[in-house]
Amino acid sequence: MFDLIQDRLDALSPAERRVAAWIVEHPRRATRMTLAELAAASGSSEPTVIRFCRRFGLGGFRELAPRLTESLSRPVSYIHHDVTADDLPVDAATKVVDASIQSLFRLRSELAVMPMDAAIRALCAARQLVFVGLGASGHVARDACHKFFRLGMPSTALTDTPSILQYAAVADRRDVIVAISNSGRWPDIVRAAATARARGATVIAVTEPGTALAKAADILFPCRAREDTGVYTPMSSRLVHLALLDAVQVGLALALGDSAVENLKLTKNALA
């Protein structure tokens, strides 16, 4: 929750920023305060505090304290460049796992403001789903395709540049392209997203907010995994992307109802 507040400071009104600044400076006190107390302490009004809460996907002020408490109880953050040549294998492994846990906690804290409803509406109406990614993100694209096609949705995974660019050139408004990229800076992925969107396709991006890919998308799932990808291949971000797309797949299955249940049953029985 605190990372999310920091990331969105520029989008807040001046009054909401006062609330944000006070919470970040006094996190434990904020978990014990009433609405009136927090408004007074931050030099704002009660309606402003409520607007602040809703800005972050909360139903109201009562949901703020539990979210702050949850954030305060997260495990200590480690990132991969904290692994040194002097680390024992078990210590290095612990740091890698801690980084993954931290990234998943962060994802969980931000789910309330993720565009789940918009994405699922687009997916339900799609002629076909196309998951695209290069490098490590290509593995995520293939995994997602494997899960989504079992709902009875025509699904394809494209993991090489020529196929991605050619598909974007013939996409139309009935297609949904899910573009996956940790950095959001692959020029060919950005170009393909822009091309497909110009042709009327819906582009869903799973990437770092504020990047070129994020700006090229219709629907953005902002994922902020902290890791040193200059030395190590993406680890935490891959797990975050996998978990997020699993959650979207479950949401789509619920939206499709009986047909999805039947298709999942048929695909399972086919291997019996």
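Rules used in this analysis
- Residues numbered from 1 in each chain as written.
- Predicted model: local features only at pLDDT ≥ 70, side-chain atom pairs only at ≥ 80, totals over all residues.
- Heavy atoms only, no water.
- Pairing = 2+ DSSP bridges.
- Helix = DSSP H or I, 4+ residues; strand = E, 2+ residues; numbered from the N terminus.
- Axes fitted to C-alpha atoms, helices over the stretch in contact; angles between N-to-C directions.
- Salt bridge = Lys/Arg side-chain N within 4 Å of Asp/Glu carboxyl O.
- Buried < 20%, exposed > 50% of the residue type's maximum accessible area, 1.4 Å probe, protein only.
- Right-handed = clockwise from strand over helix to strand, strands pointing away.
- Contact = heavy atoms within 4.5 Å.
- Expected span 1.5 Å × (residues − 1).
- Arc of directions from axis to C-beta.
- Phe/Tyr/Trp six-rings, centres within 6.5 Å; stacked < 30°, edge-to-face > 60°.

**Looking at the sheet that holds strand β1 (residues 128-132)**
Within a sheet, neighbouring strands are paired by backbone hydrogen bonds and run either parallel or antiparallel to one another. The five strands lie next to each other as β2-β1-β3-β4-β5, forming an open sheet whose pairing is parallel. Two strands in the sheet have a free side with no partner beyond their single neighbour: β2 (155-158) and β5 (219-222). Within the sheet, the average angular offset between the axes of one strand and its neighbour, ignoring direction, is 15°. In this structure, strand β4 (residues 202-207) lies alongside β5, joined through four bridges in parallel fashion. Bridge pairing links Thr207 to Pro222 in β5.

**A short note on the pattern of salt bridges**
Inspection of every chain in the model, using the stated rule, returns eight salt bridges. Ionic pairing is found between Arg127 and Asp175, a salt bridge with its closest N-O pair at 2.9 Å. Placement of Arg127 in the loop between α8 (116-124) and β1 and of Asp175 in strand β3 (residues 175-180) is noted, with a sequence separation of 48 residues between them. The class for Arg127 is partly exposed, based on a relative accessible area of 35%. A single network of salt bridges, built from pairs that share partners, joins Arg127, Asp172, Arg174 and Asp175.

**Here we look at the pairing of β3**
Counting buried positions along β3 gives six out of six residues, so the element sits mostly inside the fold. The pairing of β1 with β3 spans five bridges and is parallel. Of the residues in β3, the one forming a bridge with Phe131 is Val178. In the sheet, β3 pairs with β4 via five bridges, with the strands oriented parallel. Opposite Ile177, over in β4, you have Val203 as the bridge partner. Chirality of the crossover, the property in question, places the unit of β3, helix α11 (residues 187-198) and β4 among those that are right-handed.

**Remarks on the side chain of Ser137**
Residue position: Ser137 is located in helix α9 (residues 136-148). The class of Ser137 is buried, set by a relative accessible area of 10%. If sequence neighbours within four positions are ignored, Ser137 has contacts with Ile180, Ser181 and Asn182.

**Brief notes about helix α2 (residues 14-25)**
Between its terminal C-alpha atoms α2 stretches 17 Å, which fits the 16 Å expected from 12 residues at 1.5 Å a residue. For α2, the full list of buried residues reads Ala15, Glu16, Val19, Ala20, Trp22 and Ile23. Along the axis of α2, the buried positions cluster into a sector of 165°, meaning they face one direction only. Along α2, the residues that are exposed and aim more than 90 degrees away from the buried face are Pro14 and Glu25.

**Section: the environment of Ser236**
Locating Ser236 in the fold gives a position in helix α13 (residues 236-256). Here Ser236 falls in the buried class, since its relative accessible area comes to 0%. Once the C-alpha coordinates of Ser236 and Val97 are considered, the two residues, 139 residues apart in sequence, prove to be 8.5 Å apart.

**A short note on the pairing of β2**
Sheet topology note: the β1/β2 ladder contains four bridges and is parallel. Bridge assignment links Val132 to a residue of β2, and that residue is Leu158.

**A short note on helix α6 (residues 64-72)**
Residue pairs spaced three or four apart in an α-helix point in one direction, given the helix's 3.6 residues per turn. Looking at α6, one finds that the buried residues are Leu64, Arg67, Leu68, Glu70 and Ser71. Along the axis of α6, the buried positions cluster into a sector of 160°, meaning they face one direction only.

**Some points on the packing of aromatic side chains**
Counted according to the given criterion, the structure contains two aromatic pairs. Where Phe52 meets Phe56, the ring centres are 5.0 Å apart and the plane angle is 55°; that geometry is what we call tilted. In this structure Phe52 comes out as buried when scored by relative accessible area, which is 1%. The class for Phe56 is buried, based on a relative accessible area of 1%. Here Phe131 and Phe148 contribute two aromatic rings whose centre-to-centre distance is 5.0 Å and whose plane-to-plane angle is 50°, an arrangement assigned as tilted. Of this pair, Phe131 sits in strand β1 while Phe148 sits in helix α9; the two residues are 17 residues apart in sequence, bridging distant segments of the chain. Using a relative accessible area of 0% as the deciding quantity, one classes Phe131 as buried. Judged by its relative accessible area of 1%, Phe148 is buried.

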